[in-house]
There are 2 protein chains.
Amino acid sequence: MSKKEALLKAAENKVRLGGYSNFSFRELASEIGIKSASVHYHFPTKADLGAELAHQYTNAFLNALGSPSEHKANGKNPIEVYTQLFRSALLFDKKMCLCGLLGAESDSLPEKVRFEVKRFFNQNLEWLTEAHLANGEQQPKHAAIQTVSLLEGAMMISKTLDDNSYFELATQPA
Amino acid sequence: MSKKEALLKAAENKVRLGGYSNFSFRELASEIGIKSASVHYHFPTKADLGAELAHQYTNAFLNALGSPSEHKANGKNPIEVYTQLFRSALLFDKKMCLCGLLGAESDSLPEKVRFEVKRFFNQNLEWLTEAHLANGEQQPKHAAIQTVSLLEGAMMISKTLDDNSYFELATQPA
DNA sequence: AATAACCTACCTATCGATAGGTAATTTATA
DNA sequence: TATAAATTACCTATCGATAGGTAGGTTATT
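Everything numeric here is computed off the predicted structure, so don't read it as measured data.

With 37 residues of chain A at the contact, the number on the chain B side is 36 residues. For the side of chain A that touches chain B, the secondary-structure elements that each account for two or more residues are α1 (3-18), α7 (98-104), α8 (111-134), α9 (140-161) and α10 (165-171) of chain A. Ranked by residue count, the leading element in the side of chain A that touches chain B is α9(A), at 15 residues.

As structure tokens, then:
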């Protein structure tokens, strides 16, 4: 893993625990064994790092999702696949969704970071709309925003109350 | 309004835009016309201020909600009342729910602040469970966590994408 | 006189960022 | 092929700004 990749990985962990202001160049640098000044070689400004972090996170997330039609073809409900990705973030990473946290503090983010967080949700809504459409939902856009809202909210509350059963309860069908 | 109240009001605005680290004693002080050292007279530490802020926010929120049975008696759906309180926070304050934001960064908060955020959600879940019970829901606890998750998530996404129609879409019944 | 509500004046720690330099590697040119 | 130029990936040292917090003095109220 290159130093640049290591920096992004370290930053991701920090941000997913406490938001954009929860990482500093000094901390990241010391964690991976370089000096804080050298971080500026890889990322001119903190906003540049934050934006690239959110961008790569979005790409990795969408990539892990695969395509809704592919899941349908395999006899799987794409919404279950989507839910499972959130669940594993909560259970294994034990951390918030990066863009869920950044989205909440959206108003105070540098413009280029905010842009990437918007991109995350737009792409997620696109994917979910396609998925609900494939499921034969009458109002796929409607269902899409409900799905992502419910999951982001349930994740936040489970983290806050430190009890994953809230997530399970929230995602269980009525 | 006393200086102490003014400090809490100023802090609330900052936190609801960018989280716990988005306010400083210096900024608050200068906004209300005192010196930063004087803020320590009212709140010994930043954590004390944050905790009292979350505590009072919770009290005000619960107070504004009234009681589910009372709404029922007036022929109103308490869940609609609850949704409307979130909606007005988004539309009029144009800000996140204080505890929604703090909850997301829960892992990095001082213990006493985190405690108050937990209290907010526990009380909300209690209220919502009672409300769904009054509505004749079979699984009121189930429905309660779904309601608050959906609203917190929808609020965050609407703020992020800067479009309140997402909130409306998410809260519209299927 | 006592207490509340400030103040000035400071502290230490940390922040993001910059300037200027170095050693090692890669690329371009004669 | 030898050498010159440029690039990569760091470094030390330092900047001004800001963070939360403290000690001790002053002013206003009761």
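From this point, the narrative continues.
In the neighbourhood of DNA strand C, 15 residues make up the surrounding shell, with A:Ser24, A:Ala37, B:Lys3, B:Ala37 and B:Ser38 lying closest. Put simply, the parts of the chain that give the surface near DNA strand C at least two residues each are α2 (25-32) and α3 (36-42) of chain A together with α3 (36-42) of chain B. Looking at side-chain class alone, the surface near DNA strand C contains five nonpolar, five polar and five charged residues.

The next thing to look at is the protein's contact with DNA strand D. In the vicinity of DNA strand D there are 15 residues, among which A:Lys35, A:Ala37, B:Ser24, B:Ala37 and B:Thr45 approach most closely. Mapped by element, the contributors of at least two residues to the surface near DNA strand D are α3 of chain A together with α2 (25-32) and α3 of chain B. When the residues that make up the surface near DNA strand D are grouped by side-chain class, the tally is five nonpolar, five polar and five charged.

With an RMSD of 0.0 Å, chain A superimposes on chain B once it is rotated by 180° and translated 0.0 Å along the axis. The two molecules are tied by a two-fold rotation axis, judged by turn and shift. Same-surface contact between copies: 97% of interface residues of chain A are shared with the interface of chain B.

Let us now look at the packing of helix α4 (residues 46-65) of chain A against α8(A). All names here are of chain A. Following both chains from N to C, one finds α4 and α8 inclined at 10°, their axes separated by 7 Å at the closest point. When the axis of α4 is compared with that of α8, the two are roughly parallel. Taking contact as the criterion, the partners of Ala 47, Gly 50, Ala 51, Ala 54, His 55, Thr 58, Leu 62 and Leu 65 in α4 are, on α8, Lys 112, Val 113, Glu 116, Val 117, Arg 119, Phe 120, Gln 123 and Trp 127. Tallied by class, the residues present in the contact of α4 with α8 amount to nine nonpolar, four polar and three charged.

If you look at the biggest cluster of nonpolar residues, it comprises 94 residues, and the most contacted ones within it are A:Ala54, A:Leu102, B:Ala54 and B:Leu102. Setting aside residues up to four positions removed in sequence, B:Leu102 forms contacts with B:Val15, B:Tyr20, B:Ala54, B:Leu109, B:Val113 and B:Val117.

This next bit is on the environment of A:Ser21. Residue and element names in this part refer to chain A. In this structure, Ser 21 sits in the loop between α1 and α2. On the neighbour-count criterion, Ser 21 (19 C-beta atoms within 10 Å) is partly exposed. A sequence separation of 88 residues divides Ser 21 from Leu 109, and the C-alpha atoms of the two residues are 9.4 Å apart.

This brings us to the environment of A:Cys97. All names here are of chain A. Residue position: Cys 97 is located in the loop between α6 (78-93) and α7. Assessed through the 25 C-beta atoms surrounding it within 10 Å, Cys 97 is described here as buried. With 82 residues separating them in the primary sequence, Cys 97 and Val 15 have C-alpha atoms 9.5 Å apart.

Moving on, we come to helix α1 (residues 3-18) of chain B. Residue and element names in this part refer to chain B. For α1, with 16 residues, the first-to-last C-alpha span of 23 Å sits near the 22 Å given by 1.5 Å per residue. Leu 7, Ala 11, Lys 14, Val 15, Arg 16 and Gly 18 are the residues of α1 that are buried. Along its buried surface, α1 packs onto α2, α3, α4 (46-65) and α7 (98-104). Directly after α1, the chain includes Gly 19, whose backbone phi takes a positive value near 90°.

Reading the values: the criteria
Residues numbered from 1 in each chain as written. Chains lettered and ligands numbered in written order. Predicted model: local features only at pLDDT ≥ 70, side-chain atom pairs only at ≥ 80, totals over all residues. Contact = placed C-beta atoms within 7 Å. Helix = DSSP H or I, 4+ residues; strand = E, 2+ residues; numbered from the N terminus. Near = placed C-beta within 6 Å. Nonpolar A, V, L, I, M, F, W, Y, C, P; charged D, E, K, R; others polar. Least-squares fit on C-alpha atoms with pLDDT ≥ 70 in both. Axes fitted to C-alpha atoms, helices over the stretch in contact; angles between N-to-C directions. Parallel < 35°, antiparallel > 145°, perpendicular 65-115°, else oblique. Core = buried A, V, L, I, M, F, W, Y, C linked by C-beta atoms within 7 Å. Buried ≥ 20, exposed ≤ 12 C-beta atoms within 10 Å, placed from the backbone. Expected span 1.5 Å × (residues − 1).

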